[in-house]
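Breakdown of the fold
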Amino acid sequence: MKKLLLILLLMPTLASAQALRGTVQDATGHPVPFASVAVPALQQGTTADEAGTFALAGLPAGPHRLAVSAVGYAPASPTVTLPRAAPLIIRLQADEQKLGEVVVTGVGRATELRRSPVPIAALSQRELRINASTNAIDAAVRGVPGLTAVTTGPNISKPFIRGLGYNRVLTLFNGLRQEGQQWGDEHGIEVDAYGVDRVEVVKGPASLLYGSDAVAGVVNLLPALPTGPSGELHGEALAEYQSVNGLLGQSLALNYQKAGLQTSFRASHRLAHDYRNAVDGLVYNTGFRELTLTGMVGVQKSWGGAHLWLTSYDNYQEIPDGSRDSLSRAFTRQVFESDNDDLKNRPVVSESDLRSYATGALRQHIRHYRAFASGEIKLGAGELRLLGGVQQNHRQEFNHPTAPGQPGLDLRLTTASYEVRYLLPTWHGIELTAGANGMSQTNSHLQATDFPIPAYQLFDIGGFGVAKKTFGPLELTGGLRYDVRRLRWDDFYLAPDPATGFEGAAEASTPGAVRPFVAFGHVYQGLSASLGGSLALGPHWVLRVNVARGYRAPNITEIGANGLDPGAHIVYLGNRDFQPEFSVQEDLGVLWQGKEAEASVEVFHNYVENFIYQARLFDGQGQPVELVPGNATYQYQQAAARLYGGEVSFNLHPGALPWLSWRSAAALVIGLNAHPGLLARVGVAGRYLPLMPAPQARTELRLTAPARPGRLTASYLRLTLDGTARQTRYYAVDGAETTTAGYLLLGAGVGTTLRTKAGREAVQLIVQADNLLNTAYQSHLSRLKYFEYYAASPSGRTGIFSPGRNVGVKVVVPF
């Protein structure tokens, strides 16, 4: 132990710091001013000057993969080995070519995107920002085929990958797993969308590196690294407006770096009232008010680096319930408690309330805090990577109109996460990575009146090993992992609380106490594995194949739920006898990259044992069960399932027309229920799984002004067309889901960047219009589609429709 400590203390002197100097140029050899040059693995970067020259000091000797980007150019990822005598010249292409990018999510080490055997997609900040989205997940959905979202209005989006979501998709913030009651329907991801610099999406089982909850894939939201010349304060100010809900957004970011010290800070605020569409008008109680703070301080030296992150998220999110007047279809509001509430005789909401930015009495208050640190230590030719953090999610749902200050749901989830990963020195051409990660959780009820789940404790740990070997054009990657998760809770009692007049937590000896949650304890275990490879067939073609076994332990609602979630308007019923899910997924991909075009075809087949899904509960007469009046009742089921489908994409950027690019992509997923008892009872109505996205396609034509000296740069005009087919493959048992009509959405956008006389970016302007024709449509994955209290309506249209025409304007002032 003393020897190891001595080595770590002497590491700064044992490693030889190197400096990298060079120039960023375009394809014709002209300098690209103010390009960003970073070493992602070291979290170190800088910005080139007016002449395109840059310098990075304090780098360790050896190979480094760079990430180079500039407005109006495709990113580049050259590899450089230090020490290096001659300055490095980096050439950027004006065309958009993404297959050569480097990713860090879902792989043991930084890997070229197209050589990863597991399908991975990546989106830059530029691509995220040109969309008029209200959260990071919605922005990513527009650019990643196969990624969809279950939504509850504009600001609530739960990511789904190839038809699977909730606790099957692991969301990360800069590598730290996001833990915020993911089982819930009615809240989104607690991340500042303005601060996301890049999104990486793993489409397929990622249990090998991340354990349970990554059986369907991973969405990693990566914040920006500090950039700019050493010793100078830089940042940006951002303002945004969206017409569909009057969204007002502001964000201020600062960053600074000098002599290896790095620090950054961002504060963002967003405010919106109810959104509008052509059928419903303004949709009552869909507004929100959100404040996010993010800070980082770190050090990056030749021996490695360490960074500490602190974030605070505070969101007042309104809760829609869809109640209306039966004839006028005007939205109504709840004014009495459920026992005295008459859904068909509620008062109509006024126009002023629909347009108001004030948060309604029926709302959520979600607070999420993170403190985590990451570190990298060079140990000779190897590297040790550490990640540890604590986060707390406090979620309150206020659903009592006669007592607006009394939360119905009041949950506090505290999570400690950890990861240790060692990148061993290359041995006989084999790159080995070994590690362990996991978490400890405590979930408790505070001043609640509704208790859908028990207060519980969870401990999770898993160890893994990954090996990669290159045989000329063939790269093979494989690994194994074993996970253990312990979940337990004690007896939990409820009784009337005289102080509030509602039901509350109580002792067993309290008069009138009932026990909805009986003590439980169980250990879940699972083996994950993956084997795949990529074969470069010449300079243009790559063939990718992967087979992976995934593991997921049941989440808390699936085994423990027994009560009302007021924000979702659902009574959940779990089953403590459920077994873990195990999946086997096969992926096959063919990628082609030419000078003027790229194309890819990726197909998959996924068989899941013990698949758990929600099914609405109906009585013997086929009528929906309402254990709590006005709220649906869902009971979890478990059976085998089969999913298959794929994605295709094609990008064209002709050399004869360098200002033109055309991008198209399409995705299809079909989910089949293999429950023999259900199929025997209901036949074809139970053939498909719930929440399967409809077939989708997206095409975009973009005209970009050629890069040239002048005050305006990166000017573009884009036209988009999103097509969603009619969804007829859905879970139709007892009317749980219904057919969803197909639709086409037309969009258009323009943008430009104004530069100073010296060539530095001064102002970025982005204008994006979505659903230009104000098309009335419902997404099959919108929960609001099923917010309906009447069997029919005068217009023949039921449920709540998705957002109508939206014009968004962003102004970004970098400094």
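Overview of the structure. These numbers come from a predicted model, not from an experiment.

1. Notes on the packing of aromatic side chains
- Taken as a whole and judged by the stated rule, the model has 15 aromatic pairs.
- Geometrically, the ring pair formed by F160 and Y166 is edge-to-face, given 5.4 Å between the ring centres and 75° between the ring planes. Residue F160 shares its accessibility class with Y166, and that shared class is buried.
- Members of the aromatic cluster, each reached through a chain of ring pairs, are F173, W309 and F372.
- Its guanidinium or amino end placed over the ring of F173, R370 lies 4.8 Å from that ring's centre, counting from NZ or CZ.
- Sitting over the ring of W183, R395 keeps its end group 5.2 Å from the ring centre.

2. Quick look at the sheet that holds strand β14 (residues 164–165)
- Taken together, the 3 strands give an open sheet; going across it, the order is β12-β13-β14, and neighbouring strands pair in antiparallel fashion. The two strands at the open ends of the sheet, each matched to only one other strand, are β12 (147–151) and β14.
- Pairing analysis gives 5 bridges linking β12 to strand β13 (residues 157–161), with the strands arranged antiparallel. Paired with V150 across the bridge in β13 is K158.

3. A look at the pattern of salt bridges
- Tallied over the entire structure, the rule returns 37 salt bridges.
- As a salt-bridge pair, K378 and E383 come within 2.9 Å of each other at their nearest N and O atoms.
- Of the charged contacts, one joins R718 and E700 as a salt bridge, the two residues approaching to 2.9 Å between their closest N and O atoms. You can see R718 sitting in strand β44 (residues 712–724) and its partner E700 sitting in strand β43 (residues 696–704), a full 18 residues away along the chain. The exposure classification of R718 matches that of E700, with both residues buried.
- Put simply, R162, K203, R544, D587, E602 and E647 are held in one network by salt bridges that share partners.

4. With respect to the nonpolar core
- V199, V219, L221 and L643 are the most contacted members of the largest nonpolar core, which totals 41 residues.
- Looking at this core, the elements that each hand over two or more residues are β11 (120–124), α3 (136–141), β12, β15 (169–173), β17 (196–203), β18 (217–223), β40 (597–616) and β41 (632–652).
- Per element, the largest residue contribution to this core is 5 residues, and it comes from β40.
- Beyond its immediate chain neighbours, meaning those up to four positions away, V219 contacts I137, L147, P159, I161, V169, L170, T171, L172, V199, E200 and V201.
- Residues L413, W489, I556 and I559 belong to the second largest nonpolar core, which totals 30 residues.

5. Here we look at the side chain of E647
- With respect to the element layout, E647 can be found in strand β41.
- Apart from the residues lying within four places of it in its own chain, the contact partners of E647 are P145, G146, R162, K203, S600, V601, E602, F604, A666 and A667.

6. Observations concerning unusual backbone geometry
- Here the amide bond leading from L82 into P83 is cis, since omega sits at 5°, within 30 degrees of zero.
- With respect to the helices and strands, the residue P83 is situated in the loop between β7 (79–82) and β8 (88–92).
- The residue D213 is not glycine, and still its phi comes out positive at about 85°.
- Looking at where D213 falls in the secondary structure, it is placed in the loop between α4 (207–210) and β18.

7. Observations concerning the environment of D274
- Counting through the fold element by element, D274 comes out in the loop between β21 (261–272) and β22 (276–277).
- Assessed through its relative accessible area of 2%, D274 is described here as buried.
- Residues D274 and G188 lie 86 residues apart in sequence; the distance between their C-alpha atoms is 17 Å.
- Ignoring any residue separated from it by four or fewer positions in sequence, one finds D274 in contact with V244, N245, L282, V283, Y284, N285, T286, G287, E318, D353 and L354.
- Of note is the side chain of D274, whose polar atom sits 3.0 Å from the backbone nitrogen of N285.

Definitions and cut-offs
Residues numbered from 1 in each chain as written. Predicted model: local features only at pLDDT ≥ 70, side-chain atom pairs only at ≥ 80, totals over all residues. Heavy atoms only, no water. Phe/Tyr/Trp six-rings, centres within 6.5 Å; stacked < 30°, edge-to-face > 60°. Buried < 20%, exposed > 50% of the residue type's maximum accessible area, 1.4 Å probe, protein only. Lys NZ or Arg CZ within 6 Å of the ring centre and 35° of its normal. Pairing = 2+ DSSP bridges. Helix = DSSP H or I, 4+ residues; strand = E, 2+ residues; numbered from the N terminus. Salt bridge = Lys/Arg side-chain N within 4 Å of Asp/Glu carboxyl O. Core = buried A, V, L, I, M, F, W, Y, C linked by side-chain atoms within 4.5 Å. Contact = heavy atoms within 4.5 Å. Polar contact = N/O pair within 3.5 Å; in protein donor to acceptor, adjacent residues only side chain to side chain.

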